[in-house]
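Residues per chain, in single letters:
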Protein chains: 2
Amino acid sequence: MAKIVCQKIPVNLANRSYTISIAPKSLDQLELIGDLLEKYSHAFIVTDANVGKLYLAKLKRRLKKHLEQIDSTVCPAGERAKVMEIAYSIWQKMVGAECDRKTLLIALGGGVVGDLAGFVAATFMRGVDLLQIPTTLLAQVDSSVGGKTGINLPQGKNLVGAFWQPKGVLIDPEVLATLPDREYRAGLAEVVKYGVILSAEFFEFLEQQTEAIQQRDSQVLSHIIAECCRLKASVVVEDEFETTGHRARLNFGHTYGHAFEFLLGYGELLHGEAVAIGMCCAALLAQHTSGFSNAETERIQLLLQTLGLPTKVPAGLPASEIIRAMQCDKKKVNKSVQLVLPSAIGNVTLVAWPGDEQVASALTNR
Amino acid sequence: MAKIVCQKIPVNLANRSYTISIAPKSLDQLELIGDLLEKYSHAFIVTDANVGKLYLAKLKRRLKKHLEQIDSTVCPAGERAKVMEIAYSIWQKMVGAECDRKTLLIALGGGVVGDLAGFVAATFMRGVDLLQIPTTLLAQVDSSVGGKTGINLPQGKNLVGAFWQPKGVLIDPEVLATLPDREYRAGLAEVVKYGVILSAEFFEFLEQQTEAIQQRDSQVLSHIIAECCRLKASVVVEDEFETTGHRARLNFGHTYGHAFEFLLGYGELLHGEAVAIGMCCAALLAQHTSGFSNAETERIQLLLQTLGLPTKVPAGLPASEIIRAMQCDKKKVNKSVQLVLPSAIGNVTLVAWPGDEQVASALTNR
């Protein structure tokens, strides 16, 4: 594959439809989204200290060909930026920069920047347009697509937010070259997730490509990102506001995972790492409750391990505490926590809480 | 009219449709919205100190017949409650009360409570259902219908917010009996507005009923509120997100009005009072620029005066400052402020800023 091809993936949501554009070096080729940019004269970029250092100046330079006025703000890096104080300061900076309802907000960064800037876009003057330019693997395959935005409260993650679809998503897989190794691997957990929940074929492809993935081969990565976006878009289109249960499938591994993150203190495990362990637990639980095969559980574990991800429940966390933390999950339906369990690789089902003992039985993998 | 009739006004917005239910004593007859209430088991009420004292205990008692769990919070009364700190404290109280995505948020109060609680509903866990129970005339005829929610920033009103349609609006005109006189009259300004912008017939009805209106006749008020809700719903349905210009017609009198409010300091003039003066200015400007008749301007002035509303530009505000404040209005289109001017009673048009001198020429009515 010598020629660089831009993959365009449509997300069909009636008057909230948009396109995900994926191409190596696309950050240098904003013409790829020229149709979108020509609708605006003013953009306001939100980024973080790490990403800003690498790409902000370049992005501004490239945007100047398309827009009259470009302003920006740089947040602290990391989850601690996803709080009300930072959202408040961005609103105020936007007022100071004379942003109005026609301003395009651009989120340049990972999942935190996307969630935070997305929430600001959803709420500034009752909503302004948003362009997502995700720069981590996690954000490229997951959080930049689908319209979930949010900030954390001291009591929990994403307790405040909005569904706010972007007007476009621009993905340049080459920016992943600068991603720290651990963060890159954490993103792969969500990639594996798509295989388990939606596509046995994609799961097999990942099994076959573990070396190229570890070398961050730009062509293989482009294919993987596009495939994940396609799979995610297919789910979001079915259940934009997470009301029918379809979208809940994306939470595979997350109920166990959130409990690990919460109990260890956010930041100890990366989100993707917690999800990797959570997926192994969910697979084990499925084995215990519904005849998911041991061979399939082992395939999931092996793929995650090969990609450098943890698969064992963190030592020192009592099962009783994990159960309690899982029951605080906000994705409750009538006060009862639902779990997403695989029926086969490529397929999951939503099940009601099968009882504390059963849920604990999947925590023996230490 | 001996028998109490509940008027049901539909607001047709596809999957965001809802019904406005209007009846004297409806706060005592929650069966009127039984179909809505039966969908929930948990409600969280937001009210303010003034309204809470009068109606919170009663509402809770009545709700107990329909719901398992009812929690509430009481905010300070007045515009100062429409700030991020208060929204933040409500989110936290909702977490503390174990609210989840299935909780019904109820806004019991005037425009401030409705805007604030609406914003909280739009953003708590990415959105929970909202029931508006407006208790001021302004909120009953205007702010509770149409889905605009928001809070203020130090730099301006409603700079942060969301479009979030309620699942229902319950209006009891009898609660207006306890409304302070000045606040009641301020609400009448928005009532007159509907006549000027949308219905000559309704304007005439108001001219004929000034005495009954001043006596707060509950039957006449029910009719007036229903008519205003119908007119507002017809506009909202055409332009839910204020993008086509239809909804902008509701801002008649507001661009001048906001400038007066801002320059005098919020709270000096009530919003409705500022709008009353603003409508007179807009009528005068229409006379100067497009042949709106002097007789019609005088009809507007006379009706407002008869209802006890101010019609003259506040003394001591230089025209130049008013112009500057008007140009900071957030409803800009491509950096230019649009004005809503009457072409005849019952009809308005959107016009581009006609130049500072023209706009100032309508400020001579002191």
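Residues numbered from 1 in each chain as written. Chains lettered and ligands numbered in written order. Predicted model: local features only at pLDDT ≥ 70, side-chain atom pairs only at ≥ 80, totals over all residues. Heavy atoms only, no water.

### A closer look at the environment of E204 of chain B
Thinking step 1. For E204 of chain B, the position within the fold is in helix α7 (residues 200–208).
Thinking step 2. When the C-alpha positions of E204 of chain B and A23 of chain B are compared, they lie 24 Å apart, and in sequence the two are 181 residues distant. (Helix = DSSP H or I, 4+ residues; strand = E, 2+ residues; numbered from the N terminus.)

### What about the domain arrangement of chain A?
By convention, interface size is frequently given as the accessible area that disappears when the constituent parts associate.
Residues and elements named next belong to chain A.
Thinking step 1. By the assigned domains, chain A splits into domain 1 (7–178) and domain 2 (181–361).
Thinking step 2. Using only C-alpha atoms to locate each centre, domain 1 and domain 2 end up separated by 26 Å.
Thinking step 3. Across the contact, 31 residues belong to domain 1 and 31 residues belong to domain 2.
Thinking step 4. Taking both partners together, domain 1 and domain 2 bury about 2600 Å²; carbon and sulfur atoms supply 64% of that area.
Thinking step 5. Of all residues in domain 1, L137, V141 and K157 give up the largest surface area on contact with domain 2, accounting jointly for 23% of the area buried on that side.
Thinking step 6. Linking domain 1 to domain 2 there are 4 salt bridges.
Thinking step 7. Taking the shortest distance from any N to any O, the salt bridge between K148 and E242 comes out at 2.7 Å. (Domains from an automatic or database assignment. Contact = heavy atoms within 4.5 Å. Buried area = accessible area lost by both parts, 1.4 Å probe. Salt bridge = Lys/Arg side-chain N within 4 Å of Asp/Glu carboxyl O.)

### Some points on the interface of chain B and chain A
Thinking step 1. On the chain A side, the residues contacting the 35 residues of chain B number 35 residues.
Thinking step 2. Carbon and sulfur atoms supply 56% of the area that chain B and chain A bury against each other, a total of about 3400 Å² over both sides.
Thinking step 3. Here chain B is connected to chain A by 2 salt bridges.
Thinking step 4. The shortest N-O distance in the salt bridge between E242 of chain A and R101 of chain B comes to 3.5 Å.
Thinking step 5. The tally of links between chain B and chain A comes to 10 residue pairs in polar contact (both at pLDDT 80 or more).
Thinking step 6. When residues in the side of chain B that touches chain A are grouped by element, the largest group, 6 residues, is from strand β8 (residues 156–163) of chain B. (Polar contact = N/O pair within 3.5 Å; in protein donor to acceptor, adjacent residues only side chain to side chain.)

### Structural notes on the packing of aromatic side chains
Residue and element names in this part refer to chain A.
Thinking step 1. Within this structure, the stated rule accounts for 7 aromatic pairs over all chains.
Thinking step 2. Ring geometry for W91 and F119: centres 6.1 Å apart, planes at 50°, overall tilted. Within this pair, whereas W91 is found in helix α3 (residues 84–96), its partner F119 is found in helix α4 (residues 111–123), the two being separated by 28 residues in sequence. Each member of the pair, W91 as well as F119, carries the same accessibility label: buried. (Phe/Tyr/Trp six-rings, centres within 6.5 Å; stacked < 30°, edge-to-face > 60°. Buried < 20%, exposed > 50% of the residue type's maximum accessible area, 1.4 Å probe, protein only.)

### Things to note about the pattern of salt bridges
Residues and elements named next belong to chain A.
Thinking step 1. Using the criterion set out here, one finds 34 salt bridges over all chains in the structure.
Thinking step 2. Its salt-bridge partner being R16, residue E240 comes within 2.7 Å of it at the nearest N-O pair. Of this pair, E240 sits in the loop between α9 (218–238) and α10 (254–264) while R16 sits in the loop between β1 (7–11) and β2 (18–22), and the two are 224 residues apart along the sequence.
Thinking step 3. A relative accessible area of 9% places E240 in the buried class.
Thinking step 4. Sharing partners across several salt bridges, the network here consists of D28, K58 and R62.

### Focus: helix α4 (residues 111–123) of chain B
Residue and element names in this part refer to chain B.
Thinking step 1. For α4, spanning 13 residues, the distance from its first C-alpha to its last is 18 Å, which sits close to the expected 18 Å at 1.5 Å a residue.
Thinking step 2. Across the 13 residues of α4, 13 count as buried, placing the element largely inside the fold.
Thinking step 3. M125 occupies a position one or two residues after α4 and carries a positive phi of about 50°. (Expected span 1.5 Å × (residues − 1).)

### A closer look at the state of the cysteines
Thinking step 1. Applying the stated rule across the entire model yields 0 disulfides over all chains.
Thinking step 2. Take C99 of chain A: it sits in no disulfide, and the sulfur closest to it among the cysteines is that of C75 of chain A, at 14 Å.
Thinking step 3. By relative accessible area, which is 4% here, C99 of chain A ends up buried.
Thinking step 4. Counting only cysteine sulfurs, C280 of chain B is the nearest neighbor of C281 of chain B, a cysteine outside any disulfide, at a range of 6.9 Å.
Thinking step 5. Judged by its relative accessible area of 2%, C281 of chain B is buried. (Disulfide = S-S within 2.5 Å.)

### Details of the pairing of strand β3 (residues 42–48) of chain B
All names here are of chain B.
Thinking step 1. The element β3 is extensively covered by neighbouring structure, given that 7 of its 7 residues are classed as buried.
Thinking step 2. Burial along β3 is two-sided: the residues H42, F44, V46 and D48 and A43, I45 and T47 are all buried.
Thinking step 3. When β3 meets strand β4 (residues 69–75), the two strands line up parallel, connected through 7 bridges. Paired with D48 across the strands is C75, a residue of β4.
Thinking step 4. For the crossover from β3 across helix α2 (residues 49–63) to β4, the handedness is right-handed.
Thinking step 5. In the sheet, β3 pairs with strand β5 (residues 104–109) via 5 bridges, with the strands oriented parallel. Residue A43 lies in a different strand from β5, and its bridge partner there is L104. (Pairing = 2+ DSSP bridges. Right-handed = clockwise from strand over helix to strand, strands pointing away.)

### Observations concerning the relation of the copies chain B and chain A
Thinking step 1. For these two chains of identical sequence, chain B goes onto chain A by a turn of 180° and a shift of 0.0 Å along the axis, with RMSD 0.0 Å. Such a combination of rotation and displacement between the chain copies is what one expects of a two-fold axis.
Thinking step 2. In this assembly the copies share their binding face: 100% of the residues contributing to the interface of chain B also contribute to that of chain A. (Least-squares fit on C-alpha atoms with pLDDT ≥ 70 in both.)

### Looking at the sheet that holds strand β1 (residues 7–11) of chain B
All names here are of chain B.
Thinking step 1. Taken together, the 7 strands give an open sheet; going across it, the order is β1-β2-β9-β6-β5-β3-β4, and neighbouring strands pair in mixed fashion. For this open sheet the edge positions go to β1 and β4, each flanked by a neighbour on one side alone. Along the sheet, successive strands turn relative to each other by an average axial angle of 15°, direction set aside.
Thinking step 2. In this sheet, strand β6 (residues 129–134) lies alongside β5 in parallel orientation, the contact comprising 6 bridges. (Axes fitted to C-alpha atoms, helices over the stretch in contact; angles between N-to-C directions.)

### Quick notes on the confidence of the model for chain A
Close reading of the predicted structure is inappropriate where its pLDDT is low.
Thinking step 1. When pLDDT is averaged across chain A, the result is 94; 97% of the residues are at 70 or more.
Thinking step 2. Interface confidence for the predicted complex, given as ipTM, is 0.92, next to a pTM of 0.94. (pLDDT = per-residue confidence, 0-100.)

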